[in-house]
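Chain residues, written in single-letter form:
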Amino acid sequence: MEKEEADLVVDAEKLRFEFLQVLRGRRTAEDMHLFPLKLPLNVEPANPVKHPLFQEIPRPTFSEAMESCPKLEIENFKSLLKEENLYLTTEAGEQGRLPVLILSMKGSEERRPAIVFLHSTHKNKEWLRPLLESYASRGYVAIAIDSRYHGERASNFTTYRDALVSSWKNSDTMPFIFDTVWDLIKLADYLTQREDIDPTRIGITGESLGGMHAWFGAAVDTRYSVVVPIIGVQGFCWAIDHDKWQGRVDSIKPLFEGARKDLGKSAIDKEVVEKVWNRIAPGLASCFDSPYTVPAIAPRPLLIVTGAEDPRCPLAGLEVPKSRAIKAYGEAHSLDKFKLVAEPGVGHRMTSFMVKEASDWFDKYLKQQAA
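Counting of residues starts from 1 at the beginning of each chain's written sequence and follows it residue by residue. A pLDDT threshold of at least 70 governs which residues receive local features in this predicted model, and a stricter bar of 80 or more applies before side-chain atom pairs are shown or counted, although totals over entire chains, interfaces and linings include all residues. Side-chain figures throughout are based on the complete set of non-hydrogen atoms in the structure, without hydrogens or water.

The name given to the protein in an unreviewed UniProt entry is AB hydrolase-1 domain-containing protein, and the organism recorded there is Salix brachista.

Colleague: What is the right way to look at the packing of helix 7 (residues 178-191) against helix 8 (residues 209-220) in this model?
Modeller: Two measures define how a pair of helices packs: the angle their axes make with one another and the distance between the axes. For the pair helix 7 and helix 8, the least separation of the axes is 9 Å and the interaxial angle reads 55°. When the axis of helix 7 is compared with that of helix 8, the two are oblique. Crossing hand, helix 7 versus helix 8: right-handed. Residues Phe-178, Thr-180, Val-181, Leu-184 and Ile-185 of helix 7 lie in contact with helix 8, whose contacting residues are His-213, Phe-216, Gly-217 and Val-220. Gly is placed with the polar residues, together with every amino acid not listed as nonpolar (Ala, Val, Leu, Ile, Met, Phe, Trp, Tyr, Cys and Pro) or charged (Asp, Glu, Lys and Arg). Taken together, the residues of the contact of helix 7 with helix 8 sort by class into 6 nonpolar, 3 polar and no charged. In this analysis an axis means a line fitted to C-alpha atoms, helices contributing only their contacting stretch, and an angle means the value between N-to-C directions, from 0 to 180 degrees. Helix and strand definitions follow DSSP, with helices as H or I runs of at least four residues and strands as E runs of at least two, each counted in order from the N terminus. Angles are sorted into four bins: roughly parallel if under 35 degrees, roughly antiparallel if over 145, roughly perpendicular if 65 to 115, and oblique for all others. For any pair of crossing helices, the crossing counts as left-handed if the nearer helix is rotated counterclockwise from the farther one by less than a right angle, and right-handed if it is rotated clockwise. In this analysis, two residues are considered to be in contact whenever any of their non-hydrogen atoms come within 4.5 Å of each other.

Colleague: Even after reading the chapter, I still don't get the layout of surface pockets, so can you show me in this structure?
Modeller: A water-sized probe, rolled over the atoms, reveals where empty space remains. Both cavities and pockets are sets of points on a 1 Å grid over the protein atoms alone; in a cavity a 1.4 Å probe fits but cannot get out, in a pocket the set is open with protein on both sides within 12 Å along at least five of seven lines, and lining residues sit with an atom within 4 Å of a point. Grid points are joined across faces, edges and corners, and a volume is the space filled by probe spheres set on the points. Roughly 470 Å³ of internal volume is contained in the largest pocket. Contributing to the lining of the largest pocket are 21 residues, with Ser-120, Lys-123, Glu-207, His-348 and Arg-349 lying nearest its centre.

Colleague: Sorry, what's going on with the side chain of Asp-196 here?
Modeller: With respect to the helices, strands and loops of the structure, Asp-196 is situated in the loop between helix 7 and strand 6 (197-207). In this structure Asp-196 comes out as buried when scored by relative accessible area, which is 14%. Once residues within four sequence positions are removed from consideration, Asp-196 is found in contact with Glu-110, Arg-111, Arg-112 and Val-141. Each residue is assigned to one of three classes by its accessible area relative to the maximum for its type, calculated with a 1.4 Å probe on protein chains only: buried under 20%, partly exposed between the two thresholds, exposed over 50%.

Colleague: Explanation requested: empty space enclosed by the protein in the structure shown.
Modeller: By the definition in use, this model includes 3 cavities of 30 Å³ or more. Space inside the largest cavity adds up to approximately 120 Å³. Considering the residues around the largest cavity, the lining is formed by 13 residues, among which Phe-117, Leu-131, Thr-205, Ile-230 and Met-350 are closest to the centre. Only strand 4 (112-118), helix 5 (129-137), strand 6 and helix 15 (352-367) provide two or more residues apiece to the lining of the largest cavity. Classifying every residue of the lining of the largest cavity gives 10 nonpolar, 2 polar and 1 charged. The wall of the second largest cavity is formed by Gln-234, Gly-235, Phe-236, Ala-239, Lys-244, Trp-245, Arg-248, Trp-277, Pro-311, Arg-312 and Pro-314.

Colleague: Can you walk me through the packing of helix 11 (residues 253-262) against helix 12 (residues 270-280) in this structure?
Modeller: Orientation of helix 11 relative to helix 12, taken along the N-to-C sense of each, is 110°, at an axis distance of 10 Å. Put simply, helix 11 runs roughly perpendicular to helix 12. Every residue of helix 12 that contacts helix 11 at Leu-255, Phe-256, Ala-259 and Arg-260 is listed here: Val-272, Val-273, Val-276, Trp-277 and Ile-280. Considered class by class, the residues forming the contact of helix 11 with helix 12 number 8 nonpolar, no polar and 1 charged.

Colleague: How should I be thinking about the pattern of salt bridges in this particular structure?
Modeller: Note on pairing: side chains with opposite charge can pair once their charged atoms come close. We define a salt bridge as a side-chain nitrogen of Lys or Arg found within 4 Å of a carboxyl oxygen belonging to Asp or Glu. Here the structure, examined in full by the defined rule, presents 28 salt bridges. Ionic pairing is found between Arg-161 and Asp-162, a salt bridge with its closest N-O pair at 3.5 Å. Each of Lys-71, Lys-78, Glu-83, Arg-129 and Glu-133 takes part in one network of salt bridges that share partners.

Colleague: Whenever I open this one, the nonpolar core confuses me. Can you help?
Modeller: Nonpolar side chains tend toward joint burial in soluble globular proteins. One finds Ile-143, Phe-176, Ile-177, Phe-178, Leu-187, Phe-256 and Trp-277 to be the most contacted residues of the largest nonpolar core, which totals 79 residues. Contact partners of Leu-187, with chain neighbours within four places excluded, come to Leu-88, Leu-98, Val-100, Val-116, Ile-143, Ile-145 and Tyr-224. Put simply, buried Ala, Val, Leu, Ile, Met, Phe, Trp, Tyr and Cys residues joined by side-chain atoms within 4.5 Å make one nonpolar core. One finds Met-66, Phe-77, Val-226 and Trp-361 within the second-largest nonpolar core, a separate group that totals 36 residues.

Colleague: Explain the state of the cysteines to me, please; I cannot follow it from the model alone.
Modeller: A covalent bond between the sulfur atoms of two cysteines is what we call a disulfide. Throughout, disulfides are identified as pairs of cysteine sulfur atoms within 2.5 Å of each other. All chains considered together, the criterion is met by 0 disulfides. No disulfide involves Cys-313; its nearest neighbouring cysteine sulfur is the one of Cys-237, lying 16 Å away. Judged by its relative accessible area of 0%, Cys-313 is buried.

Colleague: Which parts of the structure should I look at to understand unusual backbone geometry?
Modeller: Note on backbone geometry: most residues besides glycine have negative phi, and most peptide bonds are trans. For the bond running from Ile-57 to Pro-58, omega is 0°, close enough to zero to count as cis. One can find Pro-58 in the loop between strand 1 (43-45) and helix 3 (64-67). With omega at 5°, the peptide bond leading from Ala-298 into Pro-299 counts as cis. Secondary-structure assignment places Pro-299 in the loop between helix 13 (290-293) and strand 8 (302-307). One non-glycine residue with positive phi stands out, namely Asn-76, at about 60°. Along the polypeptide, Asn-76 turns up in the loop between helix 3 and helix 4 (77-80). One non-glycine residue, Ser-208, adopts positive backbone phi at about 60°.

Colleague: Looking at this structure, I do not really get the environment of Asp-310. What am I missing?
Modeller: Counting through the fold element by element, Asp-310 comes out in the loop between strand 8 and helix 14 (319-331). The spacing of Asp-310 and Trp-182 is 128 residues in sequence and 28 Å in space, taken between C-alpha atoms. Apart from residues lying up to four places away in sequence, Asp-310 is in contact with Ile-231, Val-346, Gly-347 and His-348. A polar contact of 2.9 Å, which involves the side chain of Asp-310, links it to the backbone nitrogen of Arg-312. Counting of polar contacts relies on pairs of N or O atoms within 3.5 Å, with two restrictions inside protein: one atom must be capable of donating a hydrogen and the other of accepting it, and residues adjacent in sequence are counted only when both atoms are side-chain atoms.

Shown next, in the form of structure tokens:
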């Protein structure tokens with residue numbers, strides 16, 4: 001191995017170690033004793049959710065983008081579809097109960113590729129069902145979870161908002177991205193133990209907040225072998241330095257308004273934004289930002305899909321992570337495994353084009369590995 005490649009591996013491993021230290025830092029001693037990393041988990045059966053909770057009004061009812069996902073036409077598809085609902089215990093406490101929905105086709109005896117799908121802010125795993133069914137029809141084991149303070153892990157319309165505000169005031173949890181990454185590590189423990197899943201072919205993807213979860217989950221856990229974050233990757237530090245933080249801040253405004261008041265500010269400014277990120281997600285706008293975590297995914301196949309006019313994930317803020325990723329993939333002799341696609345004229349929304357790009361990427365790299 002050449003020196004540059006060795007340095008790359010060491011840097012990525014160091015980043016993963018340091019990120020895990022941050023995750024462990026806000027877990028109790030009881031959690032770390034009872035639920036250490038990389039051990040079998042407690043699995044409980046669950047019932048299908050009949051009325052999933054959405055923390056937004058009006059409640060969304062249809063996604064043209066998800067419905068456009070390539071799907072095989074199979075006679076009696078519904079009767080051949082296997083649905084599993086379960087809970088994984090990832091740590092002590094109410095939020096340590098991870099709801100999981102798994103769809104696959106009945107009858108296959110061989111290990112199959114799997115993909116984890118992650119929802120956007122205020123939605124839930126049931127919202128992703130069109131994608132799960134489409135991928136299941138094509139031979140994948142399709143998995144979705146409720147992220148922290150969403151879906152079955154929420155009790156009302158303000159659960160996620162309240163958790164963000166509490167994190168700022170008390171520094172006790174990390175509801176923005178990081179705690180769900182802890183769950184994704186535990187989920188990988190479970191998925192790699194299943195007899196119907198090829199542990200070397202587990203993909204991960206998500207939209208918006210789910211795209212951030214996919215990005216960080218893959219950066220920290222190499223068992224996610226193919227990665228497609230959709231409208232999620234951004235430069236947090238770049239946005240602060242270039243006064244482009246407003247789009248992201250506006251998506252969770254109550255958190256920043258509360259911080260503004262606590263800091264005695266008349267308006268939200270870059271100092272407020274930086275202090276919030278540092279407290280609720282330490283390192284998010286510094287050592288764990290995209291210029292460091294995106295290259296850490298190399299040499300695993302990584303497709304970043306975004307809108308060219310997305311105010312929450314400004315394209316200009318991806319120039320440095322893109323250039324560093326190209327360097328990392330080049331040094332690993334895997335340049336063909338990295339791609340960034342920015343759809344012209346599109347803001348912060350997932351489109352049918354993005355769904356098709358993701359589908360093609362997974363088929364190319366997850367099914368190709370079976371050969």
